Amino acid sequence: MIPRDIRWRGILYPRLSVLLHRGYASARLTRQEKIDGSNHLSRSKLHQLDTKFNLFNENVTKMVDLGYSPGNWLIYAREALSRIHEIEPEKIYQKCTLVGLDIIIGNHPAGTFTTQGNILSKLAHRNVISLLKEHAYKRLVVQNGLLDDLLPEQDAKDPTFESEMARISDIFDDLSLKDKTLESILSLQDYQADLITSDLSSAFLQDKGFFNNTTTRPFIRSSTNSELRRNVTDPLKASIDTAEAALLLCCEALAKGGNFVIRLARIDLADPEIDLLEERLKRVFKHVQRWKPEGSTKSNFSVISELYFVCKDKQDHLADKYNVFDVKR
């Protein structure tokens, strides 16, 4: 016969372990809760930056977000600018141009424009600038009354019906940036962005897309490209490389007096390339400041989870890339 205390322990311990396991499981976050938390945290950090540095104001009408997917910063920018310019968020395109670039295929927030590309590619840079030019070009068409000349007289009087708006859209599609008349009046001030933000770290969990091979792990599907896999193979250097690529785009796509915000994920503060990046930023902008989110814990280790550079007041419309990066012509 089994002693009573042994029988009691034999029954109690399994039940206790089951209860503890159930309690732990209930305390763990679900996948959707993790996604919602990550999205909220991402927007809250941009809100902190905006509050401290006044990034979104009445002077900002053109903005580029590098690494926009899943759209947190682009959505925040749309909401902030729609309040400032007093327009519905979905119609922000009527007063502002918001452009996003990412290697991931993602849905763009309503009222914004996005393109897919690799920030390390010259083609991606050209695509971003082309989007900025395209919308500046169309705005000039309307402002200079050239649209009325292209529309039939009846359509020009009342362009409110869907059929008439479709005709306007067709005319815009036919317009070419090679038109010498409009190309001659399209200046740098017309299309260059007022603000560029960059968060080119690996994407976190999302509720859309093929999780394992695209949105969550976008660099695995690009395994043949060693540079795109550096977020996995060499994470401490990858953020610096993409930040410098974003700076290259700023040299041409950001307007004089414009601002630039970079997020570096997982870096070593002892790495001399961080200081070199800051020096290069100071060659383009009048004011460069390092920033970390409120509540971020201090560590005795030099490796930190994230660091921001806030660069304000670009010195010239076009920065000399050779001078910025110490490259001989």
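Because the structure is a prediction, the values reported are computed rather than measured. (Residues numbered from 1 in each chain as written. Predicted model: local features only at pLDDT ≥ 70, side-chain atom pairs only at ≥ 80, totals over all residues. Heavy atoms only, no water.)

Remarks on the sheet that holds strand E2 (residues 97-102)
Adjacent strands of a sheet pair through backbone hydrogen bonds, lying either parallel or antiparallel.
Reasoning step 1: The seven strands are arranged E3-E2-E1-E4-E5-E7-E6 in an open sheet whose pairing can be described as mixed. The outermost strands of the open sheet, each flanked by one partner alone, are strand E3 (113-116) and strand E6 (285-291). Each adjacent strand pair in this sheet contributes to an overall mean axis angle of 15°, direction not counted.
Reasoning step 2: Contacting strand E1 (62-66), strand E4 (193-199), strand E5 (254-268), E6 and strand E7 (303-314), helix H11 (residues 235-253) crosses the sheet at an angle of about 175° to E5.
Reasoning step 3: Across the face of the sheet, helix H12 (residues 272-284) comes into contact with E5, E6 and E7 while running at roughly 145° to E6. (Pairing = 2+ DSSP bridges. Helix = DSSP H or I, 4+ residues; strand = E, 2+ residues; numbered from the N terminus. Axes fitted to C-alpha atoms, helices over the stretch in contact; angles between N-to-C directions. Contact = heavy atoms within 4.5 Å.)

Looking at the pairing of E5
Reasoning step 1: Extensive coverage of E5 is indicated by the burial of 12 of its 15 residues.
Reasoning step 2: Where E4 meets E5, six bridges bridge the pair, whose relative direction is parallel. Looking at the pairing, Asp199 lines up with Arg263 of E5.
Reasoning step 3: As judged from the eight bridges shared by E5 and E7, these two strands associate in the antiparallel manner. Across the sheet, the residue bridging to Ile267 is Ile304, located in E7. (Buried < 20%, exposed > 50% of the residue type's maximum accessible area, 1.4 Å probe, protein only.)

Let's talk about the environment of Pro89
Reasoning step 1: In this structure, Pro89 sits in the loop between helix H3 (72-84) and E2.
Reasoning step 2: On a C-alpha basis, the gap between Pro89 and Glu79 in space is 5.8 Å, while along the polypeptide they are 10 residues apart.
Reasoning step 3: Beyond its immediate sequence surroundings of up to four residues, Pro89 is in contact with Arg78, Glu79, Ser82 and Ala110.

Considering the confidence of the model for the chain
Reasoning step 1: On average, residues of the chain carry a pLDDT of 77, and 66% of them reach 70 or more.
Reasoning step 2: Here residues 153-161 is a poorly scored stretch, pLDDT under 50, and it has nine contacts once near neighbours within four places are set aside; other chains count. (pLDDT = per-residue confidence, 0-100.)

Brief notes about H3
Reasoning step 1: Helix length check: H3, at 13 residues, gives a terminal C-alpha distance of 19 Å against a target of 18 Å (1.5 Å per residue), a fit within 8%.
Reasoning step 2: Turning to H3, its buried residues are Asn72, Trp73, Leu74, Tyr76, Ala77, Arg78, Ala80, Leu81 and Ser82.
Reasoning step 3: At the C-terminal side of H3, Glu86 shows a positive phi close to 55°. (Expected span 1.5 Å × (residues − 1).)

Quick look at the nonpolar core
Reasoning step 1: Within the largest apolar cluster, 44 residues are counted, with the highest numbers of intra-cluster contacts made by Leu66, Ile196, Phe260, Leu281, Phe285 and Phe309.
Reasoning step 2: Broken down by element, the residue count for this core peaks at nine residues, all from H11.
Reasoning step 3: Excluding its chain neighbours within four sequence positions, the residues that come into contact with Ile196 are Val64, Leu66, Cys250, Ala253, Leu254, Asn259, Phe260 and Val261.
Reasoning step 4: Counting 23 residues, the second-largest nonpolar core is a separate cluster that includes Leu49, Met63, Trp73 and Leu81. (Core = buried A, V, L, I, M, F, W, Y, C linked by side-chain atoms within 4.5 Å.)

Overview of the side chain of Glu306
Reasoning step 1: Note that Glu306 resides in strand E7.
Reasoning step 2: Side-chain polar atoms of Glu306 contact the side chain of Tyr308, separated by 3.3 Å.
Reasoning step 3: With residues up to four places along the chain from it excluded, the contact list for Glu306 reads Lys45, Arg263, Leu264, Ala265, Arg266, Lys292 and Pro293. (Polar contact = N/O pair within 3.5 Å; in protein donor to acceptor, adjacent residues only side chain to side chain.)

Notes on the pattern of salt bridges
Reasoning step 1: Enumeration over the complete set of coordinates arrives at 16 salt bridges.
Reasoning step 2: Linking Lys282 and Glu278 is a salt bridge whose minimum nitrogen-to-oxygen distance equals 3.8 Å. Taken together, the residues span about one helical turn, with Lys282 and Glu278 both in helix H12 at a distance of four residues.
Reasoning step 3: The exposure class assigned to Lys282 is partly exposed, which follows from its relative accessible area of 46%.
Reasoning step 4: With relative accessibility at 14%, the residue Glu278 sits in the buried group.
Reasoning step 5: Asp320 serves as the salt-bridge partner of Arg329, at 2.5 Å between the closest nitrogen and oxygen.
Reasoning step 6: Taking the relative accessible area as the measure of exposure, Arg329 reaches 72% and is therefore exposed. (Salt bridge = Lys/Arg side-chain N within 4 Å of Asp/Glu carboxyl O.)

Considerations on the side chain of Lys62
Reasoning step 1: Its place among the elements puts Lys62 in strand E1.
Reasoning step 2: No salt bridge is formed by the buried Lys62. Its closest oppositely charged neighbour is Asp194, at 4.0 Å.
Reasoning step 3: Look past the residues within four positions of Lys62 in its chain and what remains in contact with it is Thr97, Gln189, Asp190, Tyr191, Gln192, Ala193, Asp194 and Leu195. (Lys, Arg positive; Asp, Glu negative; His and termini not counted.)

Regarding the environment of Asn39
Reasoning step 1: Mapping Asn39 onto the fold places it in helix H2 (residues 31-53).
Reasoning step 2: Between the C-alpha atom of Asn39 and that of Gly71, which follows or precedes it by 32 residues, the distance is 8.9 Å.
Reasoning step 3: At 3.1 Å, the side chain of Asn39 forms a polar contact with the side chain of Asn72.

A look at unusual backbone geometry
Trans is the prevailing form of peptide bonds, just as negative phi is the prevailing case for residues other than glycine.
Reasoning step 1: Each neighbour pair has its own omega, and for Ser69 with Pro70 the value is 10°, a cis peptide bond.
Reasoning step 2: Here Glu86, not a glycine, exhibits a phi torsion of approximately 55°, which is positive.
Reasoning step 3: Within the secondary structure layout, Glu86 lies in the loop between H3 and E2.
Reasoning step 4: Residue class for Glu86 comes out exposed when judged on its relative accessible area of 70%.

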